[in-house]
Amino acid sequence: MSTKKLIILGKEIKTGQTILNMDIARLHTRTRLEVPVIIEKAKAPGPTLLLTAGIHGNEVNGIEIIRRMVAEGLNKPTKGTIICIPVVNVFGFLNQDRQFPDGRDLNRMFPGTKSGSLASRFAYFVMNEIIPFIDYCIDFHTGGASRFNYSQIRVDSTNQECLKLAYVFGAKFIIDADPRDKSFRESLSKKGKIALLFEGGKSLHLDKNVTKSGIQGTLNIINYLGMRDYSAEIAQNGPPSERVYVKKSHWIRANSSGMYRRVIRIGEKVVKGQKIGSISDPYGDYEKNIVATNDGYIICSNHSPIVNQGDALIHISTEIDKGFTVDS
């Protein structure tokens, strides 16, 4: 919450909107690819919140959430600064692909190195040119491939401030998930930043309910941090959904290969032995039911119509705290 001059990418950020371009690398054609950084700074001092999406280029629903925030002027604080990077991995977004053009997963390359691979250099640039100036970050993701995630916030439960903000965000599911090695979230945590990871929907797909959940949760955070009064908008959206703190979970996997049909709705609670889907061959010779291995909530569902033996079908909670609250 510093009142010092804010200098990002070598430019002093004045009150109002500033749009910068991260120019880090070029394609093999020498084509320059710039990553737009949209900065809204208020006159009054306050925290700096970073909103990022598209670290995986094919996870477009997070991009839509930030796009809507910017298009509707919801990223304009009355205190502090909001930095939006709607598409971090522009390379992957152009190709509708998860990876960087060097074939690496950007979210496994942080904090990066100055002289490493293309993805590593990009990660290094972000960590050194953007991250030192922020206090909080919401990083938007979706499920990979055909896996559809119910709107959820993933947090490191050992960080009480992070856990509190996850509760404020208001998504139905709060998932206790340790940061993955060399991920953006892990690197932010090591720098002392508070990072929330939002998951919702699946890759190359837009879902209006996921978009609504992401925007509403972000407004809840901005309001809670005192950066802008969104109490009227929050009241208009109605009371938050129940919050289920998922302490442990596991995947139910396909017991055979074939055509897969799910019969349960994502987000609902199932009981042990309940049918959640079936797998059959394409010729009508057999059909095998898939049943819940335990009581729990469905937090992710595979939407692929064809699966192989061992494929992850349903992500189900195994240990929850349904009455989860945090101290004010």
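Residues numbered from 1 in each chain as written. Predicted model: local features only at pLDDT ≥ 70, side-chain atom pairs only at ≥ 80, totals over all residues. Heavy atoms only, no water.

J.: How should the overall build of the protein be read in this particular structure?
T.: Regarding its fold elements, the protein presents seven helices and 18 strands. With the principal axes as the frame, the protein shows a C-alpha extent of 70 × 50 × 35 Å. When the 328 residues of the protein are sorted by exposure, 52% land in the buried category. Of the side-chain charges in the protein, 44 are positive and 33 negative, and the distance between the mean point of each set is 3 Å. (Helix = DSSP H or I, 4+ residues; strand = E, 2+ residues; numbered from the N terminus. Buried < 20%, exposed > 50% of the residue type's maximum accessible area, 1.4 Å probe, protein only. Lys, Arg positive; Asp, Glu negative; His and termini not counted. Charge placed at Lys NZ, Arg CZ, Asp CG, Glu CD.)

J.: Explain the sheet that holds strand 17 (residues 306-307) to me, please; I cannot follow it from the model alone.
T.: Remark on secondary structure: sheet strands pair via backbone hydrogen bonds, oriented parallel or antiparallel. Spatial strand order, 15-14-12-17: four strands in an open sheet with antiparallel pairing. The open sheet has two edge strands, strand 15 (287-291) and strand 17, and neither has a second partner. Strand direction decides the pairing type here: strand 12 (residues 258-262) and strand 14 (residues 275-280), joined by four bridges, are antiparallel. Note that in strand 14 the partner of Arg-261 across the bridge is Ser-278. (Pairing = 2+ DSSP bridges.)

J.: What exactly am I supposed to notice about the packing of aromatic side chains here?
T.: Here the distance between the centres and the angle between the planes together describe a pair of aromatic rings. Evaluated as defined, the whole model comprises seven aromatic pairs. Judged by centre distance (4.8 Å) and plane angle (55°), the ring pair of Phe-91 and Phe-100 falls under tilted. For Phe-91, a relative accessible area of 4% corresponds to the buried category. Centroid distance Phe-100 to Phe-122: 5.2 Å. Interplanar angle 55°. Geometry classified as tilted. With Phe-100 in the loop between helix 2 (90-95) and helix 3 (118-129) and Phe-122 in helix 3, this residue pair connects regions lying 22 residues apart in the sequence. Judged by relative accessible area, which is 2%, Phe-122 ranks as buried. (Phe/Tyr/Trp six-rings, centres within 6.5 Å; stacked < 30°, edge-to-face > 60°.)

J.: Would you take a moment to explain unusual backbone geometry for this structure?
T.: Leaving glycine out, the prevailing phi sign among residues is negative, and the prevailing peptide bond configuration is trans. Omega for the peptide link from Phe-110 to Pro-111 comes to 5°, which places this bond in the cis form. Despite not being glycine, Leu-9 shows a phi value in the positive range, around 55°. Relative to the assigned elements, Leu-9 resides in the loop between strand 1 (7-8) and strand 2 (11-12). Leu-9 sits in the partly exposed class, given a relative accessible area of 23%. The backbone of Lys-182 shows a phi angle near 65°, a positive value even though the residue is not glycine. You can see Lys-182 is positioned in the loop between strand 9 (173-176) and helix 5 (184-190). Assessed through its relative accessible area of 44%, Lys-182 is described here as partly exposed.

J.: I would appreciate a short explanation of the nonpolar core in the present structure.
T.: Within soluble globular proteins, side chains that are nonpolar generally end up buried alongside one another. Grouped together as the largest cluster of nonpolar side chains are 73 residues, with contacts concentrated most on Leu-50, Leu-51, Leu-106, Ile-131, Phe-184 and Leu-196. Per-element accounting of this core gives the leading share, six residues, to helix 4 (residues 160-169). Excluding residues within four positions of it along the chain, Phe-184 makes contact with Leu-50, Thr-52, Ile-55, Asn-107, Phe-110, Val-126, Met-127, Ile-131, Cys-137 and Asp-139. Core analysis: the second largest hydrophobic core is formed by 14 residues, Ala-254, Ile-279, Ile-314 and Ile-316 among them. (Core = buried A, V, L, I, M, F, W, Y, C linked by side-chain atoms within 4.5 Å. Contact = heavy atoms within 4.5 Å.)

J.: For this particular structure, what's the right way to read helix 3?
T.: Owing to its 3.6 residues per turn, the α-helix aligns residues three or four sequence positions apart on the same side. Its 12 residues give helix 3 an end-to-end C-alpha distance of 16 Å, which sits within 8% of 16 Å, the value for a rise of 1.5 Å per residue. The set of residues buried in helix 3 consists of Ala-119, Ser-120, Phe-122, Ala-123, Val-126 and Met-127. All buried residues of helix 3 lie within an arc of 160° about the axis, which places them on one face of the element. For helix 3, the secondary structure elements touched by its buried residues are strand 3 (16-26), strand 4 (32-41) and helix 5. (Expected span 1.5 Å × (residues − 1). Arc of directions from axis to C-beta.)

J.: Could you clarify how one ought to interpret the environment of Lys-269 in this entry?
T.: Inspection of the secondary structure puts Lys-269 in strand 13 (residues 269-270). Owing to a relative accessible area of 48%, Lys-269 belongs among the partly exposed residues under this scheme. Considered as a pair, Lys-269 and Ile-299 are 30 residues apart in the sequence and their alpha carbons are 9.4 Å apart.

J.: Got a minute to help me understand the layout of surface pockets in this structure?
T.: One way to see where empty space is left: roll a probe the size of a water molecule over the atoms. One number sums up the size of the largest pocket: a volume of about 540 Å³. Taken together, the elements giving at least two residues each to the lining of the largest pocket come down to strand 7 (136-143), strand 8 (147-155) and strand 10 (194-202). A breakdown of the residues in the lining of the largest pocket according to their chemical character gives six nonpolar, nine polar and nine charged. (1 Å grid on protein atoms, 1.4 Å probe; cavity = no way out; pocket = protein on both sides within 12 Å on 5 of 7 lines; lining within 4 Å. Points joined across faces, edges and corners; volume = space filled by probe spheres on them. Nonpolar A, V, L, I, M, F, W, Y, C, P; charged D, E, K, R; others polar.)

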